[in-house]
Amino acid sequence: MSARNMTQAVQADTSLLQRVDEIARGPLAAIVTDIDLNGHYPLEILRTLGEAGALAPHLQRNGADFGLAIQAMATVSRQCGATGFLMWCHMVCGLYLEKAPNSALNMELLSTHALGHSFGGTALSNPMKALAGIERMALEATPAPGGYRVSGVLPWVSHIAPGQYCGAMARIDGQKGREILFLLRFDGQATLRPCPHFSGMEGTSTWSIRLDDYFLPAHDVIAVPAQPLVSVIKAPFILLQAGMAAGVVQGCIDSMLEVEPQLGHVNRFLEDRPDTMQAELDAFTQRALKLARTPAETDPSYLLDVLDVRAHGSELALRASQSALLHQGARGYLSTAAPQRRVREAQFVAIVTPAIKHLRLEMARLMTEELPA
Amino acid sequence: MIPYRKFICRVCGWIYDEALGDADGGLPPGTRFDDIPDDWACPLCGVTKADFEPYVLPAAAVTAGTTPDISVTARSVWDAVIVGGGTAGWAVAERLRALSPSARIALVTGCAGDLYAKPQLSVALSRNLDATSLCQGQGADTAAGMGITLMGGTFASGIDPHAHRLRTTRGTLRYGALVLAQGAQPVRVPSLPADLVWRVNSLSAWLRLRRSIGDTPRRIVLVGAGLVGCELAEDAATAGHTVTLIGRGPYPLDGLVPPAAGRRLGARLEHAGIHVMNDTFVHNVTKPERTVGVNVVTSGHPALCEADIVIAAIGLETNLHLAHTAGLDTDNGIVVEPATLRTSQTDIYALGDCISIHGQPCRYIGPIAAQADTIAHEILGLRHAGYAHQPPKVRLKSRVAPLELTGTPDPAAPWEVVTDTTERLVMQQRRGSATTARLEVS
């Protein structure tokens, strides 16, 4: 890239992030509580973000800028963790569509998806855990004329709704190693059932999916066998979540600083003070952005780095949210207060796939010496 | 226009900003405090405006120096965290405990932390050693006896040097000082795949190899004719196995010793029944059936070595992943300051096989005790003379050709023969009148 093009690219990044920040601090900040507690699904915000270009910097067509995608997600998550999570769901679904062989998916649908004119998430939590040997693969596919028949139940999948779609995976005839990655459309064939009330982040449009002989047409198949694609997507899938963590932590620091003038004299007796957390967050962000420069890297030590940075993000979010609540005291404990909302958002960052324990299991596995059988 | 002001609720600390007003309380933006009706209530705690006072932003409440440095107390949960449960890790633990009965010490290791002497592994087959005779102490027992916390089966995944935190697969530890004693790992190359080729760099790996060899004579191929390769080859041959030793150089220990010594060693190994293949490169290793096939190119010609067991001993390298998460300076190991063994980050030290001093790794047991002692003194703030690195004496544990190398051999400098009889070969390198290296093969 020439110096001039580089300057233009940096300016474009800055202006995108400014626009995202305006959306986040403006219309999004105004409805955060509604999203968090009342289940408002902020598609209007996602549409605005999509039109601004914030849902697609990581796509090949936009230069595969994963760092910018993470920063945009962080800017949104700083105001609302649930919306940041929806961005992640949307971005990951974009990755699947991009890899689909069919142009109806990788061109047409991806174009509307990238702009936030159509919406879809990811149902790969269960498959990621299944491939790691943590739980059973929930969906099973059987070859059928013109495609497959898919059956099974997925307990909670976010950023889906009637008329939307998501990336999903099934095991063909239940056989390990024979997985299929496909686009699951909610066009009436699949049953969506509302989930029980969550303690927060209610506006993520999270449903239980039931498939009874869902007909999967061949043109909606993204990859079969799925494993090679999953191994390519795995690192960016996990790394993008750094945006959620960074945003939640920054929001927590904001809450600490907000009360600093009034309560600094007593808050200085707390650990994890805003300056400490900011230094740790900055180091974390730098590391995540550095890893984001090489999302296609397949070296095991790169994956180890991605897993570790993801675990680091969860730990930082948990500590920062706890500390922000302690910094604000009773004020932060109000049901509409940001600090206690962020405690729940941080808990979500720590448990959403891959959860801390899942990350540690995978890291231990990667670091165990391989010997002949 | 008078600038907008802010008022703070004395009861709950909520701030009324005239610019923003309180929409929920019926006060549009721009409503002056004086214009607020008396029946208006604080949206947070319900008190009236009488309980508000002008809010003046205090000067920065937090100033350096007056803030208690909580992070120091928080990070001192462990006075020392040691990564690695091999000889180096235990040596530091032992020195720390000897110098400080009260220091809180944790040792993090991916293995069980059992104690053993690694050099014994390359002579264990012929001496018929087993788990019981090789293991000098269970990790858990040793830790309990020493009063330290052992985290076995735990892998360190990342370091946050500013926060003094070590992330592991069993949780994050806050440390006062961190010691990296992670060792080195066998070099991996695609031509020697890990699922077919053994590497012996730990007691557990050796025990698994031992189990795989079983109790009948086997065809064993050793790839790598360095010190460990030669030792393992002789050990296996002495134990009754059919052994092939494959080396890339023109003779064993190429690069370490001069041709006269290497050829003498090669001849003695051949005499002991080992098939020594010099100038040989492994193309790949396959296992179509029960037998493992080692496809080689020997002196330019392709050949196939069939084996039951293939062992690679082609060298060690430091895994720099953890060091890089902390941003430590590295070259072919973790760079340490030679006198203190401190890395490029405050409060992080390193020793043993994972470090490099003046750009050179030194992967021998010899220097570890002195290194551990230096680090223990450094961590505890005790005076010490400073670590002075001495190249250790290198010995080839061989019955057929015991070899000893002392001093600092220079691969580029010539060797001169001191003694050359059928029983004994002595050679040396000199700079001026001083002998800089000496080699003896008997």
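Model, not experiment: these values are computed from the prediction.

Chemist: How do you make sense of the overall build of chain B when you look at a structure like this?
Modeler: Looking only at helices and strands, one finds nine helices and 27 strands in chain B. Relative to the globule expectation of 22 Å for 442 residues, the C-alpha radius of gyration of chain B, 32 Å, shows a markedly less compact shape. In terms of principal-axis extent, the alpha carbons of chain B reach across some 110 × 60 × 45 Å. Looking at the 442 residues of chain B, the share that counts as buried comes to 40%. When contacts within chain B are restricted to residue pairs at least 6 apart in sequence, long-range pairs at least 24 apart make up 60% of them.

Chemist: Looking at this structure, I do not really get the domain arrangement of chain B. What am I missing?
Modeler: Size of an interface: often given as the accessible area lost when the parts come together. For chain B, the assigned domains are domain 1 (6-54), domain 2 (75-184 + 318-380), domain 3 (203-315) and domain 4 (408-441). Each of domain 1 of chain B and domain 2 of chain B has a C-alpha centre, and the two are 60 Å apart.

Chemist: Just to check I follow, could you spell out the sheet that holds strand S19 (residues 334-335) of chain B for this structure?
Modeler: Backbone-to-backbone hydrogen bonds pair the strands of a sheet. The strands run either parallel or antiparallel. All names here are of chain B. Ordered by their spatial adjacency, three strands build an open sheet running S19-S21-S22, and the pairing between neighbours is mixed. Each of the sheet's edge strands pairs with one partner strand only, and the pair in question is S19 and strand S22 (360-361). Across two bridges, S19 lies against strand S21 (residues 355-357) in parallel orientation. Within the sheet, the bridge partner assigned to Ile334 lies in S21 and is Ile355.

Chemist: In this structure, what is going on with the packing of helix H4 (residues 66-77) of chain A against helix H8 (residues 227-240) of chain A? I would like to understand it.
Modeler: Two quantities define a packed helix pair, namely the angle between the helix axes and the distance between the axes. Residues and elements named next belong to chain A. It is at 10 Å that the axes of H4 and H8 come closest, and there the two elements cross at 30°. Classified by the interaxial angle, the pair formed by H4 and H8 is roughly parallel. Of H8, the residues touching H4 (which contributes Phe66, Ala69, Ile70 and Met73) are Pro236, Leu239 and Leu240. Residue classes in the contact of H4 with H8 are distributed as seven nonpolar, no polar and no charged.

Chemist: What's the story with the sheet that holds strand S26 (residues 425-431) of chain B in this structure? I'm lost.
Modeler: Residues and elements named next belong to chain B. If you walk across this open sheet you meet the five strands as S23-S24-S27-S26-S25, and the pairing is antiparallel. In this open sheet, the two strands that pair with only one neighbour each are strand S23 (394-396) and strand S25 (416-420). Going across the sheet, the axis of each strand differs from the next one's by a mean of 15°, ignoring polarity. Here three bridges tie S23 to strand S24 (residues 403-407), and the two strands are oriented antiparallel to one another. Considered in S24, the bridge of Arg395 is made with Glu404.

Chemist: Would you explain the packing of helix H12 (residues 300-328) of chain A against helix H14 (residues 338-351) of chain A in this entry?
Modeler: Residue and element names in this part refer to chain A. The N-to-C vectors of H12 and H14 enclose an angle of 165°; their axes lie 8 Å apart at closest approach. When the interaxial angle is binned, H12 and H14 end up roughly antiparallel. In this structure, H12 meets H14 at a crossing whose hand is left-handed. Touching Gly313, Ser314, Ala317, Leu318, Ala320, Ser321, Gln322, Ala324, Leu325 and Gln328 of H12 are Pro339, Gln340, Arg342, Val343, Ala346, Val349 and Ala350, all from H14.

Chemist: It is not clear to me how the interface of chain A and chain B should be interpreted in this structure. Could you clarify?
Modeler: Taken together, the 29 residues of chain A in the interface contact 32 residues of chain B. Breaking the side of chain A that touches chain B down by element, the ones donating at least two residues are helix H10 (260-267), helix H11 (274-292), H12 and helix H15 (356-367) of chain A. If you tally residues by element for the side of chain A that touches chain B, the top one is H12(A), at six residues. Residues that form the side of chain A that touches chain B fall into these classes: twelve nonpolar, six polar and eleven charged.

Chemist: What is the right way to look at the pairing of S25(B) in this model?
Modeler: Along any regular strand, the residues point their side chains to alternate faces of the sheet. Within S25(B), only zero of the five residues are buried, leaving the element largely exposed. With antiparallel pairing between neighbouring strands as the criterion, S25(B) and S26(B) make up a hairpin whose turn holds four residues.

Chemist: Quick question: what am I supposed to make of helix H9 (residues 368-380) of chain B here?
Modeler: Because an α-helix completes one turn every 3.6 residues, residues spaced three or four positions apart along the sequence face the same direction. Residue and element names in this part refer to chain B. With 13 residues, H9 should cover 18 Å at 1.5 Å per step; its first-to-last C-alpha distance of 18 Å lies within 8% of that length. Turning to H9, its buried residues number three or more, namely Ile368, Gln371, Ala372, Asp373, Thr374, Ile375, Ala376, Glu378 and Ile379. Against the buried residues of H9 lie strand S4 (78-83), helix H2 (87-99), strand S9 (171-180) and strand S20 (348-350). Gly381 occupies a position one or two residues after H9 and carries a positive phi of about 70°.

Chemist: Help me understand the confidence of the model for chain B in this model?
Modeler: Low pLDDT marks regions whose predicted coordinates should not be analysed in detail. Per-residue confidence for chain B averages 90 on the pLDDT scale, and 95% of its residues sit at or above 70. Counting interchain partners and residues more than four positions distant, the pLDDT-below-50 stretch residues 59-75 of chain B has 21 contacts.

Chemist: Could you clarify how one ought to interpret the nonpolar core in this entry?
Modeler: Soluble globular proteins tend to bury their nonpolar side chains together. Judged by nonpolar contacts, the single largest core of 163 residues is most densely connected at Leu240(A), Val249(A), Val81(B), Ile82(B), Val92(B), Val179(B) and Leu351(B). The element best represented in this core is helix H5 (residues 81-99) of chain A, accounting for twelve residues. Here Val92(B) is in contact with Ile82(B), Val179(B), Ala181(B), Leu351(B), Ala372(B), Ile375(B) and Ala376(B), once residues within four sequence places are set aside. Membership of the second largest hydrophobic core comes to 56 residues, among which are Leu253(B), Val310(B), Leu405(B) and Leu425(B).

Chemist: Can you help me understand unusual backbone geometry in this one?
Modeler: Most peptide bonds take the trans configuration, and most residues that are not glycine carry a negative phi. All names here are of chain A. The step from Val224 to Pro225 runs through a cis peptide bond, and the omega angle for that step is 0°. Along the chain, the position of Pro225 falls in the loop between strand S8 (221-223) and H8. Residue Pro354 follows Thr353 across a cis peptide bond; omega there is -5°. Structurally, Pro354 is set in the loop between H14 and H15. The phi angle at Ala64 is positive, at roughly 50°, despite the residue not being glycine.

Cut-offs and rules
- Residues numbered from 1 in each chain as written.
- Chains lettered and ligands numbered in written order.
- Predicted model: local features only at pLDDT ≥ 70, side-chain atom pairs only at ≥ 80, totals over all residues.
- Helix = DSSP H or I, 4+ residues; strand = E, 2+ residues; numbered from the N terminus.
- Rg over C-alpha atoms; globule rule 2.2 N^0.38 Å.
- Buried ≥ 20, exposed ≤ 12 C-beta atoms within 10 Å, placed from the backbone.
- Contact = placed C-beta atoms within 7 Å.
- Domains from an automatic or database assignment.
- Pairing = 2+ DSSP bridges.
- Axes fitted to C-alpha atoms, helices over the stretch in contact; angles between N-to-C directions.
- Parallel < 35°, antiparallel > 145°, perpendicular 65-115°, else oblique.
- Nonpolar A, V, L, I, M, F, W, Y, C, P; charged D, E, K, R; others polar.
- Left-handed = near helix turned anticlockwise from the far one by under 90°.
- Expected span 1.5 Å × (residues − 1).
- pLDDT = per-residue confidence, 0-100.
- Core = buried A, V, L, I, M, F, W, Y, C linked by C-beta atoms within 7 Å.

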